[in-house]
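# Per-entry structural report
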Amino acid sequence: MDSMAFIASGAASRPTASSLRSSTFVCATFGNQRMIVAASRSLLARKAQKSVRGAAALDMKIRVAVVGGGPSGACAAEILAQAGVETTIFERKMDNCKPCGGAIPLCMIDEFNLPPEIIDRKVRKMKMISPSNREVDIGQTLAPHEYIGMTRREVLDAYLRNRAIEYGAKAINGLVTHIDLPKGKEDPYIIHYSDYESSTVGDNNTKTLEFDVIIGADGANSRVAKAINAGDYNYAIAFQERIKIPDDKMKYYEELAEMYVGDDVSPDFYAWVFPKYDHVGVGTGTVVDRPSIKKYQAGIRERAAEKLAGGKIIKVEAHPIPEHPRPRRVVGRVALVGDAAGYVTKCSGEGIYFAAKSGRMCAESLLKITNNGENLPTERQIKGSYIRDWDRKYWATYKVLDILQGVFYGNNVAREAFVELCEDEYVQKVTFDSYLYKTVTKGSPLQDIQLLFKTVGSFLRANAFAPVDVNKF
């Protein structure tokens with residue numbers, strides 16, 4: 001459920017992968033004595049080097065399992081494979097169609113070197129629709145080259161995963177069913193999985209493989225997280241219908257996305273109509289009233305009925321979306337990324353960029369602390385690199401969006417005020433710049449003060465326009 005709603009995040013640049021280091025022992029000798037002396041010196045040097053690194057040195061590079069082949073897992077595998085680390089991706093469904101708005105920021109296209117053909121639509125206009133059906137058009141602050149990319153997850157995920165495979169990652173089409181934790185400090189993890197490629201009817205073909213490090217990128221219902229007792233988190237249910245609408249109506253959504261707010265479409269989030277390649281994605285989500293998700297989906301269908309008239313449902317999707325990071329994101333030599341770690345922002349519900357970014361940051365941290373895969377990392381090292389860097393860069397972003405969701409999505413009065421504020425050009429400029437480039441945009445102090453008074457005024461006016469929630473009486 002990705003959108004442009006109030007995102008403030010730090011800029012990030014991708015460091016190049018470290019070049020591979022070869023450990024070759026060459027000795028030209030003229031006698032056994034010289035060979036013994038040289039070998040002794042080499043052994044002492046390796047012991048000293050191991051002591052300095054503070055980690056277990058290996059005879060070969062570490063073996064990394066990436067469980068989950070979405071953006072977070074694929075981007076982690078790509079970095080590791082490029083560095084020559086033995087990397088295996090486990091993905092149970094290679095054509096997975098996750099129920100997701102599919103919006104990605106402009107900066108992601110360049111940062112992750114995404115080709116134009118995976119972008120279905122370039123959204124340059126958005127329409128915010130309030131509980132009273134007040135419509136506010138936003139997007140006039142965008143430059144001609146700026147847009148929000150709309151993707152289909154099955155297309156985006158497959159591209160990122162295939163790119164990792166081209167760099168040397170091995171892909172296994174299978175389901176991870178169980179993980180045996182190491183008994184000793186340097187012992188491997190044993191992954192049990194059902195191999196779908198070689199299984200036959202009535203035979204689940206369970207196999208096992210050993211790994212030194214595991215990256216859990218297997219979504220909100222992460223089996224990796226359960227295996228390491230990472231703790232639970234609250235989650236939303238996202239529900240989406242893909243609807244094929246007549247060409248004349250599809251023309252309306254050519255560069256336009258819609259966001260609806262109101263108790264009828266979600267008690268604590270928003271509903272959306274996002275354009276795809278040849279259809280629209282129509283969906284909603286909620287945390288506080290998950291059992292009623294179909295009622296809220298009916299609400300968005302009713303609100304957008306005229307624009308969707310003559311449409312045919314071609315696919316129905318539902319999926320849990322995490323609401324906050326897990327209590328433990330690193331345990332031992334296992335690290336969680338993406339939805340498995342809980343990296344979805346509140347207020348906007350953005351997850352694609354942060355999933356890909358977390359996978360990349362985790363992999364880069366592993367290469368750094370393991371000397372490009374030559375040493376076993378420790379839990380302390382992974383936390384001190386990957387988790388520390390992630391929290392420093394994005395903790396404030398998640399906190400601010402958490403507050404904004406509580407302020408503006410709590411009732412129809414707040415939602416009316418929210419839509420009115422979106423009409424302000426200054427709000428649009430700060431919002432789009434923050435979302436598109438993942439940078440904290442410095443605003444004008446005077447305009448910030450003016451915005452404060454506008455917010456108060458919007459709340460006061462919203463009391464007169466917001467629909468009454470009869471369920472509260």
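The structure we're discussing is the one just above.
Anyway, here's the lowdown on the structure attached to this text. (Residues numbered from 1 in each chain as written. Predicted model: local features only at pLDDT ≥ 70, side-chain atom pairs only at ≥ 80, totals over all residues. Heavy atoms only, no water.)

To continue, consider unusual backbone geometry. Even without a glycine there, the phi angle at Asn113 is positive, about 50 degrees. Assignment of secondary structure puts Asn113 in the loop between α3 (106-111) and β5 (121-123). For Asn113, a relative accessible area of 56% translates into the label exposed. Not every positive phi belongs to a glycine, and Asn372 is a case in point at roughly 60 degrees. The exposure class of Asn372 is buried, given its relative accessible area of 7%. (Helix = DSSP H or I, 4+ residues; strand = E, 2+ residues; numbered from the N terminus. Buried < 20%, exposed > 50% of the residue type's maximum accessible area, 1.4 Å probe, protein only.)

With that out of the way, let us pick up the packing of helix α2 (residues 71-82) against helix α10 (residues 352-369). The interhelical angle for the contact between α2 and α10, taken along N-to-C directions, is 30 degrees, at an axis separation of 7 Å. Accordingly, the angle class assigned to the pair α2 and α10 is roughly parallel. Taken as a pair, α2 and α10 cross one another with a handedness that is right-handed. Contacts between α2 and α10 involve Pro71, Ser72, Cys75, Ala76, Ile79 and Leu80 from the first element and Ile352, Ala355, Ala356, Ser358, Gly359, Arg360, Ala363, Glu364 and Leu367 from the second. Residues of the contact of α2 with α10, tallied by class, amount to 10 nonpolar, three polar and two charged. (Axes fitted to C-alpha atoms, helices over the stretch in contact; angles between N-to-C directions. Parallel < 35°, antiparallel > 145°, perpendicular 65-115°, else oblique. Left-handed = near helix turned anticlockwise from the far one by under 90°. Contact = heavy atoms within 4.5 Å. Nonpolar A, V, L, I, M, F, W, Y, C, P; charged D, E, K, R; others polar.)

How two aromatic rings sit relative to each other is set out by the distance from centre to centre and by the angle between their planes. For the structure on display, the rule yields 16 aromatic pairs. Here the aromatic rings of Phe269 and Tyr409 are separated by 6.1 Å at their centres, their planes lie at 80 degrees, and the arrangement is edge-to-face. A residue pair is termed long-range when its members are at least 10 positions apart, and Phe269 in the loop between β14 (256-260) and β15 (271-275) and Tyr409 in the loop between α11 (379-408) and α12 (412-421) qualify at 140 residues. Of the two residues, Phe269 and Tyr409, neither departs from the other in class, the shared state being buried. On the numbers, 5.8 Å between centres and 90 degrees between planes, the contact of Tyr409 with Phe418 is edge-to-face. By relative accessible area, Tyr409 is classed as buried at 1%. (Phe/Tyr/Trp six-rings, centres within 6.5 Å; stacked < 30°, edge-to-face > 60°.)

Summed over the entire model, instances satisfying the criterion amount to zero disulfides. Not engaged in a disulfide, the cysteine Cys347 finds its nearest cysteine sulfur in Cys422; these two sulfurs lie 9.1 Å apart. Given a relative accessible area of 1%, Cys347 falls into the buried group. (Disulfide = S-S within 2.5 Å.)

Before going further, it helps to examine the pattern of salt bridges. With the rule as written, the count across this model stands at 28 salt bridges. Notably, a salt bridge pairs Glu423 with Arg134, separated by 2.7 Å at the nearest N-O pair. Taken as a pair, Glu423 in the loop between α12 and α13 (425-437) and Arg134 in the loop between β6 (125-129) and β7 (135-138) lie far apart in primary sequence, 289 residues in all. Two residues, Glu317 and Arg242, come together in a salt bridge whose shortest N-O distance is 2.9 Å. Of this pair, Glu317 sits in strand β17 (residues 312-322) while Arg242 sits in strand β13 (residues 235-244); the two residues are 75 residues apart in sequence, bridging distant segments of the chain. Overall, Glu317 belongs to the buried group, its relative accessible area being 5%. The class of Arg242 is buried, set by a relative accessible area of 6%. When salt bridges with common partners are traced through the structure, they connect Lys127, Glu135, Asp137, Glu258 and Lys307 into a single cluster. (Salt bridge = Lys/Arg side-chain N within 4 Å of Asp/Glu carboxyl O.)

On to α13. Relative to the 18 Å expected for 13 residues at 1.5 Å per residue, α13 spans 18 Å between its end C-alpha atoms, a close match to the ideal helical length. Of all the positions in α13, only Tyr426, Val427, Gln428, Thr431, Phe432, Asp433, Ser434, Tyr435 and Leu436 are classed as buried. The backbone nitrogen of Tyr426 has a side-chain oxygen 2.9 Å away, supplied by the residue at the start of α13, namely Asp424. Just past α13, the residue Lys438 takes up positive phi, approximately 50 degrees. (Expected span 1.5 Å × (residues − 1). Polar contact = N/O pair within 3.5 Å; in protein donor to acceptor, adjacent residues only side chain to side chain.)

Two pairing modes exist for strands in a sheet, parallel and antiparallel, and in both the strands are linked by backbone hydrogen bonds. With mixed pairing, the eight strands of this open sheet are ordered in space as β11-β10-β9-β3-β2-β12-β19-β18. Here the strands that pair on one side only, and so sit at the sheet edges, are β11 (206-211) and β18 (330-331). The pairing of strand β9 (residues 170-180) with strand β10 (residues 189-195) spans six bridges and is classified as antiparallel. Bridging across to β10, Leu175 finds its partner in Ser194. Contacts from α2 reach β2 (63-67), β3 (86-91) and β12 (213-216), with the element oriented near 165 degrees to β3. (Pairing = 2+ DSSP bridges.)

With respect to the secondary-structure elements, Glu241 resides in strand β13. Owing to a relative accessible area of 9%, Glu241 belongs among the buried residues under this scheme. Residue contacts for Glu241: discarding those within four places in its chain leaves Val280, Gly281, Val282, Gln297, Arg301, Ile313, Lys315 and Val316.

So, on to the sheet that holds strand β8 (residues 148-150). The strand order across the open sheet formed by three strands is β4-β8-β5, and the pairing between neighbours is antiparallel. The open sheet has two edge strands, β4 (103-104) and β5, and neither has a second partner. Both β5 and β8 contribute to a ladder of three bridges, which runs antiparallel. Bridge assignment links Lys122 to a residue of β8, and that residue is Gly149.

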